[in-house]
Number of protein chains: 2
Amino acid sequence: LPDEFSVIERFFAPLATARGALGLKDDVALLAPDRAKPLVLTTDAVIEGVDFFPSDPADLVARKALRVNLSDLAAKGATPLGYLLTLALRRDVSPAWLKRFTAGLAEDQRKYRLALYGGDLSSTRGPITIAITAFGRPTGVPVLRGGAKLGDLVFTTGTIGDSGAGLAALKAGQKAPALIERYRLPQPRMQFGARLPALASASLDVSDGLLADLGHLAQESGVRIDLEAFRIPLSGALKKYWGQSLSTICRAVSAGDDYEIAFTAPRRRLAAIERTAGATKTRVSVIGKVIAGSGVRLLDREGRAVRLNRRGWRHF
Amino acid sequence: LPDEFSVIERFFAPLATARGALGLKDDVALLAPDRAKPLVLTTDAVIEGVDFFPSDPADLVARKALRVNLSDLAAKGATPLGYLLTLALRRDVSPAWLKRFTAGLAEDQRKYRLALYGGDLSSTRGPITIAITAFGRPTGVPVLRGGAKLGDLVFTTGTIGDSGAGLAALKAGQKAPALIERYRLPQPRMQFGARLPALASASLDVSDGLLADLGHLAQESGVRIDLEAFRIPLSGALKKYWGQSLSTICRAVSAGDDYEIAFTAPRRRLAAIERTAGATKTRVSVIGKVIAGSGVRLLDREGRAVRLNRRGWRHF
């Protein structure tokens, strides 16, 4: 691999399409002031051997690294502006890998309309480590975790558990292309997320597992959440792979890496949420309700709480 | 080590002293809008075995990781507001290490008046990797690399080569505490840097080596820089360790990790620069001039260009 400066010039400078990125030729990036809107910032890293496999295609690795950050912005009701990229690479990484990696970033920059603003390129003897800081502006008041109110309904976008099942399939060497695709390439709900400030009382993206993440939301809001197990949306691919028993649902809500948006909203917003779901072509399901108390319960068809051995998947 | 959430709660939440950090209890941080000033953003990573030694004290590692970013802000004339921290740790890292690491961050947060706004904690099987994104506001128009004009003088803060000599001493197992301290704990020139917008035409921080970094400045400005070798400021500790011959100077300007500010300014600003140096207790030296052409030349006492084998130290 050529030196740092040539790599930046050749592979990364073309991604720096925003004026404030200064063509990656300075030590900093500049972001023009905004009179009214706060800046929403988030950071997430993906690490080879932990968050992706060494054999994963480099373009998918890049896009996953970017999308897990975009998902955080979407869940708060923000649209992305740009990102900073810290990349620790082994010296033996090939120009072909870098070409494919940056092609993945370029594709998602176009898709989600954001630009690379700056970064840092280091060499490591360890696993490839990709840390991204993404930033954007909210379309209204940012939707935080702490706003759920008694009587609110609980919603999720998309389907739950696909990514976890995809990871299980990959580890077992089984074929489940639709699920593996969901694990490798999250689909952050940007368009629906941008509408959240007008709809939701609290919101977060599902990365640690639906149950664990709603647990955070319940805690910050000072409420309890009751989920109806058989309302948790499962994809056809997941049902085919794991079945659709209660135990499948338990695995799905504990699996993580969904990058769907789980949110709460007053019942009177239901019609507006359904219209927005239609307008943004996003599947949205009512999965439970907000009541007094603390924690999250998963209820079976008879309304009995299901016991779970572990609440979601923890990174650390 | 306990799980991710306990670690964040116990060690990192106390660092999140800004309101927009949301107590590290949400997925994002919020930065209030500013009517007039752009946001200045920078990102840099430090990696165990590359940028610090596994045996280095954790508080110094943390402070170095933060300071290399603050140095970039200072060189642009910005004062820091906050930072986001991505930390990849091995599972065997001890609570004692984390305690010392976060104590180092806390100390520098007080010293430089900034706050942790958010972060991401991951586990890795590789070296400890610390990626920081820092942001601040400029005190005037940010000073970029491309503004040097013909006839400008070239300056540097502090002394050059200490950190490089400190690294050499560490590798050789030699005692040179003042130099090793400079390697382990950069001294970003925040106060002087904050005055740069009123003084300098172009500026950057010296991380890759004085010669290499001034080469970037010359290139972006479309000028040549002539440095007078015997005007390069060397510390007493460096002279004692490496001597003060021309070859010492060549090593010093190629060494890197100085985290001083190299800048250019019109000659008419000389008195104001000297006053500001005095007011901020910062050593500032005139080391050369900006002329027509390209590249950087290091001139000996007779005005002959010195040949160097390698131009500064490259990270990659």
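Scoring rules and cut-offs
Residues numbered from 1 in each chain as written. Chains lettered and ligands numbered in written order. Predicted model: local features only at pLDDT ≥ 70, side-chain atom pairs only at ≥ 80, totals over all residues. Heavy atoms only, no water. Helix = DSSP H or I, 4+ residues; strand = E, 2+ residues; numbered from the N terminus. Rg over C-alpha atoms; globule rule 2.2 N^0.38 Å. Buried < 20%, exposed > 50% of the residue type's maximum accessible area, 1.4 Å probe, protein only. Areas by Shrake-Rupley, 256 points an atom, 1.4 Å probe, with all protein chains shown as cover. Lys, Arg positive; Asp, Glu negative; His and termini not counted. Charge placed at Lys NZ, Arg CZ, Asp CG, Glu CD. pLDDT = per-residue confidence, 0-100. Contact = heavy atoms within 4.5 Å. Buried area = accessible area lost by both parts, 1.4 Å probe. Salt bridge = Lys/Arg side-chain N within 4 Å of Asp/Glu carboxyl O. Polar contact = N/O pair within 3.5 Å; in protein donor to acceptor, adjacent residues only side chain to side chain. Nonpolar A, V, L, I, M, F, W, Y, C, P; charged D, E, K, R; others polar. Pairing = 2+ DSSP bridges. Axes fitted to C-alpha atoms, helices over the stretch in contact; angles between N-to-C directions.

*Asks:* Which residues make up the overall build of chain A, and what are the values?
*Replies:* Secondary structure assignment for chain A yields 10 helices and 11 strands. The C-alpha atoms of chain A give a radius of gyration of 20 Å, which matches the 20 Å a tight globule of 316 residues would have. Per-residue burial for chain A yields a buried fraction of 62% across its 316 residues. Accessible surface, chain A: about 12400 Å² in total, of which carbon and sulfur atoms supply 49%. The centroid of the 45 positive side-chain charges in chain A is displaced by 6 Å from the centroid of its 31 negative side-chain charges.

*Asks:* Quick rundown of the confidence of the model for chain A? Include the residues and the values.
*Replies:* Residues and elements named next belong to chain A. Looking at chain A as a whole, its pLDDT mean stands at 94, while 97% of the residues score no less than 70. For residues 311-316, every residue scores under 50 in pLDDT, and the model assigns this stretch 24 contacts once sequence neighbours within four places are set aside. Taken over the whole predicted complex, pTM reads 0.94, whereas the ipTM for its chain interfaces reads 0.92.

*Asks:* Describe the interface of chain B and chain A, and please don't skip the residues or the numbers.
*Replies:* On the side of chain A, 63 residues touch chain B, which itself brings 63 residues to the contact. At the boundary of chain B with chain A, total buried surface from both sides reaches about 5500 Å², with 60% on carbon and sulfur atoms. Inspection of the chain B/chain A interface yields 8 salt bridges. The shortest N-O distance in the salt bridge between Asp26(A) and Arg145(B) comes to 4.0 Å. Where chain B packs against chain A, one counts 21 residue pairs in polar contact (both at pLDDT 80 or more). Listed by contribution, the elements that provide at least two residues to the side of chain B that touches chain A are helix 1 (4-12), strand 1 (29-31), strand 2 (39-47), strand 3 (78-89), strand 4 (115-123), strand 5 (129-138), strand 7 (202-205) and helix 7 (210-221) of chain B. Looking at the side of chain B that touches chain A element by element, the count peaks at 8 residues for strand 2 of chain B. A breakdown of the residues in the side of chain B that touches chain A according to their chemical character gives 30 nonpolar, 14 polar and 19 charged. As judged from the 3 bridges shared by strand 2 (residues 39-47) of chain A and strand 1 of chain B, these two strands associate in the antiparallel manner.

*Asks:* Requested: an account of the sheet that holds strand 2 of chain B, with residues and values cited.
*Replies:* Ordered in space as 1(A)-2(B)-5(B)-3(B)-4(B), the 5 strands form an open sheet in which the pairing is mixed. Single-partner strands in this sheet number two, and they are strand 1 (29-31) of chain A together with strand 4 of chain B. With direction set aside, neighbouring strand axes in the sheet form an average angle of 20 degrees. Bridge count between strand 3 of chain B and strand 5 of chain B: 10 bridges; the pairing is antiparallel. Each residue of the ladder has a partner; that of Ala78(B), found in strand 5 of chain B, is Pro138(B). Contacting strand 2, strand 3 and strand 5 of chain B, helix 2 (residues 58-75) of chain B runs over the sheet at an angle of about 145 degrees to strand 2 of chain B.

*Asks:* Describe in detail the pairing of strand 9 (residues 261-265) of chain A, supporting the description with residues and values.
*Replies:* Residue and element names in this part refer to chain A. Counting buried positions over the 5 residues of strand 9 gives 5, a clear majority of the element. Going residue by residue along strand 9, you find Ile 261, Phe 263 and Ala 265 tucked away on one face and Ala 262 and Thr 264 tucked away on the opposite face as well. The pairing of strand 6 (residues 153-157) with strand 9 spans 4 bridges and is antiparallel. Residue pairing in the sheet places Phe 155 in a bridge with Phe 263 of strand 9.

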